[in-house]
Amino acid sequence: MGESVAVWRVFWVPRDAVRSGVRRRVLAGWEDLPAREDEAGVRAGDPIFLSPDHRVDPLLSLYVQSAGFRRYTAETRRNYATDIALLLAFLWGRGKAWTDAVERDLEDYEHWRRFARENPDRVGGTKWNRELAAFASLYGWAVRNRYVARSPVVMRQVRGRDGGVLMVAAAKAKDARPGNVHWLTPRTWRRWTGVGLCGHGRDGAPEPGWAGRMEDRNVAFVRLLVSSGLRRAEGGSLLTFEVPARRLDGGRYYQGKVAAQVTRSKKARTFYVAVDAVGEIESYVDSSRAWAVREARRKGRYDRLPGLRVVTGVTRRVNSVVRWRDRDGSAAECPLNELTVRERMLLFTEGPHGLEPLWLWLNEQGMPFGPHSWEGVFRAANERCERVLTPPGRVGLDPHQVFAPYATPHSARHSFALYMLVVLNMLMDQRYGLTEEERRDFRQLYGDPWFMVQQLLGHASRDTTVDRYLAPVADLQLRSMLSGAAEPVAAPVPELDAVFARVARESEGIQDLDDLGQVLAGGAS
C-alpha cells in the first residue's frame, strides 16, 4: 500500500433528496430516480461504494442491502463501511477485486495496518479486531450467497464462557484491550464541563467575551450521560416526552424509559437520571431550544421538511403507540419501541404557535441534532481544555492528559459505572450496618453491586460489566477502602471526592483533578 494508492469513497443515500426538490437542476432528466431506487431496494442511509474509476460495485450494493447489514446500528454500519473501503483501496493497489482476495492478501493488509513502519497511521489490536469483524461480515455474506468460493478471513473454533463453541477470526489480535475504558471522577467532570463547555479559565471564572454556542444544551446532554449511563445514541435520541419530569415531592433520581430501537440490544430498558440533570434539560428546553424553534418557524424550515409526521397522540400503556398524520393527511401509527432514529427525527407536535420537533436535542437552526454530531461537541471541549489547562511548556508533551481532562460520550458511561459501583458498595457495607450474614442475605435478595450496575447499563451478562467496564477496579478491596467512614452515607449522591481520589491513585485509566487543576492521582490517562 503505497503513496499513490487510489481511494475508494463511501457516500450515503440521503433522505428523499429528489422528492423534496434538492439539487433538481443537477439531477435534471432523472426525475424517476426515486422509483428506480425503490425498485433496486435502495434506502435512505445506505452506503454507496465508489471505486477510483468512478464505478459502483453491484455486489457491495447488494451486501449493504442485506438483512444482516441493515440490522447493525447506524454507527456500526458507518464504521464497517469505512473499514471495508480501506481494504478495497489496498486490494485495488494490488490490481485485485475484493472477490479475488485470498488469505495472504489479508495477512499483508494486517501487517500494513498494524506493524509496517512506513505506515504513519498504524492501528492497535482493538481497532484491528473491529476491522476484522467488518471483513468477516462481508465475506461471510459473500460465501453464503456463493459470490465467492472461500473467505480470506480464516476462522477457528473456540469455546465460549457458557461452554458452547464459537467461530472467531484466526487473525484476531491478542493485544486488544477488553474495552476502551476511560474514566473521569465526578469533580473532573465538573472541571471538564466548566472549562470545555462553559468557557471557564484556569481560575474557574468565566473568561471575558465567552459566547458558547448552545452551551445550555451541551451541558444538559453531558449531565444526562454522566448521571444516567446512557449511551450517546440512547441519550441523543430522546424525545421530549421521554424525559422524566421533576416532581413536587423531590427525590434525587427520576426514572425514564429508553426505547428498544435506539438501544444496542434492541430491548427497552429503564434508566435513572439525577434530578439536577433533569433541571438542566428543562432549562435548555425553555431557553435556547425554544429560541431555535421560534427561528425555524419564522424561516419556514419545518414547512419544507420532507416526511414530517405530526403526532396526534401517544398511548399511555406498557407498550406505547405513537399516532400521527402525514403531510397528505393520512393517519398512521407505530409502537414507540419500533421507531428508528430517523423516524424519531421526523416526529413533530403542533402547538398554539405552530410545529415543533419532538426530538429533544436541536441545532441552532431548530432541526434535530443527530447523535453522531455530539462527537464534534466533545472534540471542541477537549481542545479547549487542553489549550486552557495545560501549563506553558507542556503543550503536546503530556501523553497522560493529567493536566487537561479528556472526555468522550462513552467515557461518561464508564464514569457512571465506576461511580455507581463505589456508591452501591458504600451503601451496602456502611449505610445499612449489615453483619456478614445479613449482607449475604441482602445480596441474595437484591443482587450485588456488579449485578445492579449490569442492570443500569443494560448489559446481557454480568461478565460483560466486569470485564469490559469495571475490570480495572475488580481487585480493589472497596469494602475495606470505604470502611473508615465515620458514619453511614446519608444519600445515594454524596460528595465522594476523597473516595474517588483514592480509587484513582490505586487504579489505571482514571482522570482526577481538583477544582484548581492539581493532579492528585498517579493513574490518570
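Residues numbered from 1 in each chain as written. Predicted model: local features only at pLDDT ≥ 70, side-chain atom pairs only at ≥ 80, totals over all residues. Heavy atoms only, no water.

Some points on the overall build of the protein chain
Note the following rule: Each helix is a run of DSSP H or I of at least 4 residues and each strand a run of E of at least 2, with the numbering of both proceeding from the N terminus. The rule is simple: take the accessible area with a 1.4 Å probe, protein chains only, and divide by the maximum for that residue type; under 20% is buried, over 50% is exposed, in between is partly exposed. The contact criterion used throughout is that any non-hydrogen atoms of two residues lie within 4.5 Å. Here, Shrake-Rupley sampling with a 1.4 Å probe gives the accessible areas, and only protein chains in the shown set may cover a residue.
When helices and strands are counted, the protein chain shows 18 helices and 13 strands. Out of the 525 residues belonging to the protein chain, those deemed buried represent 46%. Nonlocal contacts in the protein chain, meaning residues at least 24 apart in sequence, comprise 63% of its contacts between residues at least 6 apart. Summed over its atoms, the accessible surface of the protein chain is roughly 27,400 Å², and 51% of this surface lies on carbon and sulfur atoms.

Notes on helix α8 (residues 215-228)
To be explicit about the condition: Residue count minus one, scaled by 1.5 Å, sets the expected span of a helix.
In a regular helix each residue adds 1.5 Å, so 14 residues correspond to 20 Å; α8 covers 20 Å between its end C-alpha atoms and thus fits that length. By the criterion of burial, α8 is predominantly enclosed, with 10 of the 14 residues buried. Restricting attention to buried positions, one finds in α8 the residues Arg 217, Asn 218, Val 219, Ala 220, Phe 221, Val 222, Leu 224, Leu 225, Ser 227 and Ser 228.

Regarding the packing of aromatic side chains
How we decide: Aromatic pairs are defined between Phe, Tyr and Trp rings, using the six-membered ring for Trp, whenever the two ring centres lie within 6.5 Å; interplanar angles under 30 degrees are classed as stacked, those over 60 as edge-to-face, and all others as tilted. Any Lys NZ or Arg CZ found within 6 Å of a ring centre and within 35 degrees of that ring's normal is scored as a charge over the ring.
As enumerated under the stated definition, the model contains 19 aromatic pairs in all. On the numbers, 5.0 Å between centres and 70° between planes, the contact of Tyr 302 with Phe 348 is edge-to-face. Separated by 46 residues along the polypeptide, Tyr 302 in the loop between α10 (275-298) and β8 (309-314) and Phe 348 in strand β11 (residues 347-351) bring together distant segments of the chain. Here Tyr 302 and Phe 348 have matching classes, each one buried. Put simply, the rings of Tyr 63, Phe 69, Tyr 72, Tyr 80, Trp 141 and Tyr 147 pair up and form one aromatic cluster. Positioned above the aromatic ring of Phe 369, the side-chain terminus of Arg 217 is 4.0 Å from the ring centre.

Side note on the environment of Thr 76
Among the structural elements, Thr 76 can be located in helix α4 (residues 74-93). For the pair Thr 76 and Arg 130, spaced 54 residues apart in sequence, the C-alpha separation works out to 9.6 Å.

Considerations on the side chain of Arg 269
The test is simple: In protein, a polar contact means a hydrogen-donor-capable atom and an acceptor-capable atom, both N or O and within 3.5 Å, with residues adjacent in sequence counting only if both atoms are side-chain atoms; elsewhere, any N or O pair within 3.5 Å suffices.
Mapped onto the elements, Arg 269 comes out in strand β7 (residues 269-274). Of the residues examined, Arg 269 reaches a relative accessible area of 9% and is grouped as buried. Among the polar contacts listed, one links the side chain of Arg 269 to the side chain of Glu 234, at a separation of 2.9 Å.

Structural notes on the pattern of salt bridges
Put simply, the test is: Whenever a carboxyl oxygen of Asp or Glu lies within 4 Å of a side-chain nitrogen of Lys or Arg, that contact is scored as a salt bridge.
A complete count under the given rule lists 25 salt bridges for this structure. Put simply, Asp 108 and Arg 94 hold a salt bridge, and the shortest N to O gap is 2.7 Å. Of the two residues, Asp 108 is situated in helix α5 (residues 103-114) and Arg 94 in the loop between α4 and α5; the sequence distance between them amounts to 14 residues. Among the ionic pairs, Glu 364 bridges to Arg 213, the shortest N-O distance being 2.5 Å.

What about the pairing of β11?
To keep it simple, the criterion reads: Should DSSP find at least two bridges between two strands, the strands are regarded as paired.
Relative to β11, β8 runs parallel, the two sharing two bridges. From the neighbouring strand, Val 310 faces β11, where its bridge partner is Phe 348. Pairing of β11 with strand β12 (residues 354-357), which is carried by four bridges, proceeds in the antiparallel orientation. In the strand pairing of β12, Glu 350 is matched with Leu 355. Hairpin geometry of β11 and β12 is characterised by an intervening segment of two residues between the two adjacent antiparallel strands.

Things to note about the pairing of strand β6 (residues 253-258)
Taking every second residue as pointing to the same face, the buried face of β6 carries Tyr 254, Gly 256 and Val 258, while none of Tyr 253, Gln 255 and Lys 257 on the other face is buried. Bridge count for β6 against β7 is six bridges, and the pairing is antiparallel. Directly across from Gly 256, in β7, lies its bridge partner Phe 271.

Some words on the nonpolar core
Let me state the cut-off plainly: Here, the term nonpolar core denotes a set of buried Ala, Val, Leu, Ile, Met, Phe, Trp, Tyr and Cys residues that are joined through side-chain atoms within 4.5 Å.
Counting residues in each nonpolar core, the largest one holds 59 residues, and the members touching the most others are Trp 189, Trp 192, Leu 197, Tyr 302, Leu 347 and Trp 361. No other element matches helix α12 (residues 374-389), which puts seven residues into this core. Core analysis: the next-biggest nonpolar cluster, separate from the first, contains 34 residues, Trp 8, Val 64, Ala 101 and Ala 169 among them.

Details of unusual backbone geometry
The residue His 54 is not glycine, and still its phi comes out positive at about 65°. Inspection of the secondary structure assignment puts His 54 in the loop between β2 (47-50) and α2 (58-64). Despite not being glycine, Lys 266 has its phi angle at roughly 60°, a positive value. Among the secondary structure elements, Lys 266 is positioned in the loop between β6 and β7. You can call Lys 266 partly exposed: its relative accessible area is 35%.

With respect to the sheet that holds strand β10 (residues 331-335)
Two strands in a sheet stick together by hydrogen bonds in their backbones, pointing the same way (parallel) or opposite ways (antiparallel). Basically, it comes down to this: Throughout, an axis means a line fitted to C-alpha atoms (over the contacting stretch in the case of helices), and angles, computed between N-to-C directions, take values from 0 to 180 degrees.
A sheet is described by the order of its strands in space; here five strands give the open sequence β10-β9-β8-β11-β12, paired in mixed fashion. Each edge of the open sheet is held by one strand with a lone partner, namely β10 and β12. Each adjacent strand pair in this sheet contributes to an overall mean axis angle of 45°, direction not counted.

Considerations on the environment of Arg 246
Following the sequence through the fold, Arg 246 ends up in the loop between α9 (232-235) and β6. Considered as a pair, Arg 246 and Val 278 are 32 residues apart in the sequence and their alpha carbons are 7.0 Å apart. When neighbours within four sequence positions are excluded, Arg 246 is seen to be in contact with Tyr 254, Val 275, Val 278, Gly 279 and Glu 282.

Considerations on the confidence of the model for the protein chain
For clarity, the threshold we go by: Residue-level confidence of the predictor, termed pLDDT, takes values from 0 up to 100.
Confidence in the prediction for the protein chain averages 79 pLDDT; 71% of positions are at 70 or higher. No element of the protein chain has a lower mean pLDDT than helix α17 (residues 478-482), at 36, and none a higher one than strand β9 (residues 321-325), at 96. This model gives residues 442-447 a pLDDT under 50, and the stretch forms 13 contacts once residues within four places in sequence are excluded. Per-residue pLDDT stays below 50 along residues 520-525; that stretch engages in 23 contacts with residues further than four places along the chain or on separate chains.

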